[in-house]
Amino acid sequence: MSFATSNPVLVEVVRSGFVESVHRGAVVVTAPDGSVRAAVGDVETPVFPRSTNKPFQALGMLEAGLEIEDVDLALVCASHAGETGHIERALSILAAAGLGEDDLLCPPEPRPAAMNCSGKHAGMLTTCVQRGWSTADYTDPEHPLQRIIADKVVELTGEKIAAVGVDGCGAPLFAFSLTGLAKAFGTASGTRVGEVMRAHPWLVAGSGREDTLLMMSVPGLLAKGGAEGVHAMTLPDGTTVACKIDDGASRARGPLLAAVLRALDAWPTNPAAQTVVDGLSRGSGLVLGAGREVGELRVTAEFERELNRQLSA
């Protein structure tokens, strides 16, 4: 197999010095102008971006006429941990629109406001109230709001939507390529949405979560993960990375993203931040035996060589 014909092994799981599992996937790096700087694996076949598309959905809501405070907009873009502050802010967004938790169509985990997408759903409902649209069917792909969001996705990615699905939260989900994801994410980074996410990293994810740790460790970085091993991040200069792990394993994302940061010479300079990102790069705490660390996750040497070759070309 080659990089050109199939997705390579990107990350290995090492236990007691022995490789016991591997994760294949694809990674694309785009320049600030959206052109592709590096591509490892298949970055053109459409994928479901899962929650990495929340910034695009938020931009669609704003285009539809959503009026909202910056701190609340950050939660609209979040895949939050359901901590008290997240729940309270989701409920306050609803209350400001004259709505309550029962109006949310996202599943209870264990209650709707605690579900990681409740901020997005609260934003969708608020948009509907402000525009005078129906709220009972706001997740229907044919709803006026969802049509505007779909158009925004097409505009940002520069691609036709390849498939429409239902996300884990019940909202419509649009498929497009990793290259389209990187282009769209890079564009979103330079908008109000990107600004509020960087300004409120805890709201975007939560205590100990990858996105919060990355944004707090690398000044100016915008990061957003999604289910099934999807992730995107944009550096302060507009360089953007998007990845998808074939088997959907989220544990492979940390080592992969850290390796790309290093290859792009974007490793944090603050010692405390270096420790945090180094932990992500090794999958710290993920390979255990009798409660103690007995291994690590690591990117393959082949991936590092290929990535560095393309970036230096």
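See the structure above.
Residues numbered from 1 in each chain as written. Predicted model: local features only at pLDDT ≥ 70, side-chain atom pairs only at ≥ 80, totals over all residues. Heavy atoms only, no water.

(A) Broad picture of the overall build of the protein. A tally of regular secondary structure across the protein gives 12 helices and 11 strands. Over its C-alpha trace the protein gives a radius of gyration of 19 Å, about what one expects of a compact globule, namely 20 Å for 313 residues. By its C-alpha atoms, the protein is 60 × 45 × 30 Å across when sized along the principal axes. Taking all 313 residues of the protein together, 56% fall into the buried category. Restricting the contact set of the protein to residue pairs at least 6 apart, pairs at least 24 apart contribute 62%. (Helix = DSSP H or I, 4+ residues; strand = E, 2+ residues; numbered from the N terminus. Rg over C-alpha atoms; globule rule 2.2 N^0.38 Å. Buried < 20%, exposed > 50% of the residue type's maximum accessible area, 1.4 Å probe, protein only. Contact = heavy atoms within 4.5 Å.)

(B) Inspection of the environment of Gly-165 at higher detail. Examined against the element boundaries, Gly-165 turns out to sit in strand β4 (residues 163-166). Looking at Gly-165, the relative accessible area reads 14%, which means it is buried. Linking Gly-165 and Ala-175, residues 10 residues apart in sequence, is a C-alpha distance of 7.9 Å. Ignoring anything within four residues of it in the chain, the contact list for Gly-165 reads Phe-48, Ala-171, Pro-172 and Leu-173.

(C) Examining the pairing of strand β6 (residues 222-226) more closely. By the criterion of burial, β6 is predominantly enclosed, with five of the five residues buried. Of the two faces of β6, the one holding Leu-222, Lys-224 and Gly-226 and the one holding Ala-223 and Gly-225 are both buried throughout. Inspection of the sheet shows β6 paired to strand β7 (residues 230-234) by five bridges, in the antiparallel sense. Residue Ala-223 lies in a different strand from β7, and its bridge partner there is Met-233. What sits between β6 and β7 in their antiparallel hairpin is a turn of three residues, with Glu-228 showing a positive phi close to 60 degrees. (Pairing = 2+ DSSP bridges.)

(D) The arrangement of helix α1 (residues 54-64) in detail. Most of α1 sits out of view: nine of its 11 residues are buried. Taken residue by residue, α1 has Lys-54, Pro-55, Phe-56, Gln-57, Ala-58, Leu-59, Gly-60, Met-61 and Ala-64 as its buried positions. After α1 finishes, the residue Gly-65 shows a positive phi value of roughly 115 degrees.

(E) Just the packing of helix α10 (residues 253-263) against helix α12 (residues 301-312), in detail. Across the interface, α10 lies against α12 with an axial gap of 10 Å and an inter-helix angle of 35 degrees. Where α10 crosses over α12, the handedness of that crossing is right-handed. Mapping the contact onto sequence places Leu-256, Ala-259, Val-260 and Ala-263 in α10 and Phe-303, Leu-307, Asn-308 and Leu-311 in α12. (Axes fitted to C-alpha atoms, helices over the stretch in contact; angles between N-to-C directions. Left-handed = near helix turned anticlockwise from the far one by under 90°.)

(F) Region of the structure containing the side chain of Thr-179. Note on placement: Thr-179 falls in helix α6 (residues 178-189). By relative accessible area, which is 4% here, Thr-179 ends up buried. Only 2.9 Å separates the side chain of Thr-179 from the side chain of Glu-44, close enough to count as a polar contact. Thr-179 has contacts with Val-28, Val-36, Val-43, Glu-44 and Glu-159, leaving out every residue within four places of it along the chain. (Polar contact = N/O pair within 3.5 Å; in protein donor to acceptor, adjacent residues only side chain to side chain.)

(G) Structural detail: the packing of aromatic side chains. Under the definition given, this model contains two aromatic pairs. Between Phe-56 and Phe-176, the ring centres sit 6.4 Å apart and the planes meet at 50 degrees, which makes this aromatic pair tilted. Taken together, the residues span a long stretch of sequence, with Phe-56 in helix α1 and Phe-176 in the loop between β5 (172-175) and α6 at a distance of 120 residues. With respect to class, Phe-56 is no different from Phe-176; both count as buried. Between Phe-56 and Phe-185, the ring centres sit 6.5 Å apart and the planes meet at 75 degrees, which makes this aromatic pair edge-to-face. Here Phe-185 lies in helix α6 and Phe-56 lies in helix α1, a separation of 129 residues in the sequence. (Phe/Tyr/Trp six-rings, centres within 6.5 Å; stacked < 30°, edge-to-face > 60°.)

(H) Molecular detail of the nonpolar core. In this structure, Phe-56, Leu-256, Val-260, Leu-261 and Phe-303 are the most contacted members of the largest nonpolar core, which totals 92 residues. Excluding anything up to four places from it in sequence, Leu-256 contacts Leu-10, Val-11, Val-27, Cys-243, Ile-245, Val-299 and Phe-303. (Core = buried A, V, L, I, M, F, W, Y, C linked by side-chain atoms within 4.5 Å.)

(I) Here's a closer look at unusual backbone geometry. Residue Pro-110 follows Glu-109 across a cis peptide bond; omega there is -5 degrees. The backbone of Ser-16 shows a phi angle near 55 degrees, a positive value even though the residue is not glycine. Turning to its location among the elements, Ser-16 is positioned in the loop between β1 (9-15) and β2 (18-30). Its identity as a non-glycine residue notwithstanding, Arg-50 has a phi of 50 degrees, on the positive side. Structurally, Arg-50 can be placed in the loop between β3 (36-40) and α1.

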